[in-house]
Structures are given as C-alpha cells and as structure tokens.
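# Results of the structural survey
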Amino acid sequence: MKSIFAAAVAAAVLTLPAFGNECDADIQDVDAQFTSTNPLPMDTLKEAKRLRDEAYAHCESGQVPEGLSLLAQARQLLGI
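Along each chain, numbering runs from 1 in the same order as the chain's sequence is written. Reporting of local features is limited, given that this is a predicted model, to residues whose pLDDT is at least 70; pairs of side-chain atoms are given and counted only at 80 or more, and all residues count toward the totals for whole chains, interfaces and linings. Heavy atoms from the whole structure form the basis of all side-chain values; hydrogens and water molecules are not counted.

## A closer look at the nonpolar core
What counts here: By nonpolar core is meant a set of buried Ala, Val, Leu, Ile, Met, Phe, Trp, Tyr and Cys residues that side-chain atoms within 4.5 Å join together. The rule is simple: take the accessible area with a 1.4 Å probe, protein chains only, and divide by the maximum for that residue type; under 20% is buried, over 50% is exposed, in between is partly exposed. Secondary structure follows DSSP: runs of H or I at least 4 residues long count as helices, runs of E at least 2 residues long count as strands, and numbering of each begins at the N terminus. Throughout, a residue-residue contact means that at least one pair of heavy atoms, one from each residue, lies within 4.5 Å.
Core analysis: the biggest nonpolar cluster contains 16 residues, and Cys23, Ile27, Val30, Phe34, Leu45, Leu71 and Leu78 have the highest contact counts within it. Looking at this core, the elements with two or more residues in it are helix 2 (23-35), helix 3 (42-60) and helix 4 (64-78). The leading source of residues in this core is helix 3, at six residues. When residues no more than four places from it in sequence are discounted, the contact partners of valine 30 are Arg52, Leu71, Ala74, Arg75, Leu78 and Ile80.

See below:
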C-alpha cells in the first residue's frame, strides 16, 4: 500500500510546475517525506498528502500565503 502511495506522490512531484515562489521548496520537502522510510501511520500520511494537495492548488492559483499555511501544517504532521 505504501509503495502505491509513494508512486502517486512521485508522479505528482514529476508534474510539479515551477511556481516561481516559495511554495516549491516546501512542497518538495513534504514530498521527500512521503518517499522516505519514515514509519509514520498511514492516516498521518493521508492527512499530510491531503494538506499538500490543497496547498499545491492554492500555490498554483496564486494564493501563496494560504498554500504556505497548509504546507506548514503538513510539515508539522510529518515532523519536519
């Protein structure tokens, strides 16, 4: 199950557009945690992924402060 989840995250990383803003680095940090061997509970990973995806949408639409806030929540869940 985790390998499927990691593959989905890897696909999202490969399609990540260049935002030209500060969201990019935070999204990459969060994505790196999904592919690491960090033994987090699946529900924590799912919530962090949901927050990451929502942040991505905000950042892509130019709502950078909202995106960064969501990324901060995801980072906290992941312990980074």
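## Focus on the packing of helix 2 against helix 3
Think of two packed helices as two axes; the pair is described by the angle between the axes and how far apart they sit. Applicable threshold: Interaxial angles span 0 to 180 degrees and are taken between N-to-C directions of axes, which are lines fitted to C-alpha atoms, for helices over the stretch in contact. Orientation is classified from the angle alone, with under 35 degrees giving roughly parallel, over 145 giving roughly antiparallel, 65 to 115 giving roughly perpendicular, and any other angle giving oblique. Each crossing gets its hand from how the near helix is turned against the far one by less than a right angle, where anticlockwise is left-handed and clockwise is right-handed. When residue character is reported, Ala, Val, Leu, Ile, Met, Phe, Trp, Tyr, Cys and Pro are called nonpolar, Asp, Glu, Lys and Arg charged, and the others, Gly included, polar.
Taken N-terminus to C-terminus, the directions of helix 2 and helix 3 make an angle of 160 degrees; their axes are 11 Å apart at the nearest point. By the angle between their directions, the pair helix 2 and helix 3 is classed as roughly antiparallel. Relative to helix 3, the crossing made by helix 2 is left-handed. Between helix 2 and helix 3, the residues in contact are Cys23, Ile27, Val30, Asp31 and Phe34 and Leu45, Ala48, Lys49, Arg52, Tyr56 and Cys59, respectively. The residue makeup of the contact of helix 2 with helix 3, split by class, is eight nonpolar, no polar and three charged.

## Quick look at the pattern of salt bridges
Charged atoms that come close allow side chains of opposite charge to pair. Basically, it comes down to this: Just to be clear on terms, a salt bridge is a Lys or Arg side-chain nitrogen sitting within 4 Å of an Asp or Glu carboxyl oxygen.
In this structure the tally under the stated criterion is seven salt bridges. A salt bridge links aspartate 29 to arginine 75, with the nearest nitrogen and oxygen atoms 2.9 Å apart. With aspartate 29 in helix 2 and arginine 75 in helix 4, this residue pair connects regions lying 46 residues apart in the sequence. In this structure arginine 75 comes out as partly exposed when scored by relative accessible area, which is 22%. Across the pair lysine 49 and aspartate 53 runs a salt bridge whose closest N-O atoms are separated by 2.7 Å. One end of the pair, lysine 49, and the other, aspartate 53, are both in helix 3, four residues apart, so they sit about a helical turn from each other. Take lysine 49: its relative accessible area is 14%, and that puts it in the buried class.

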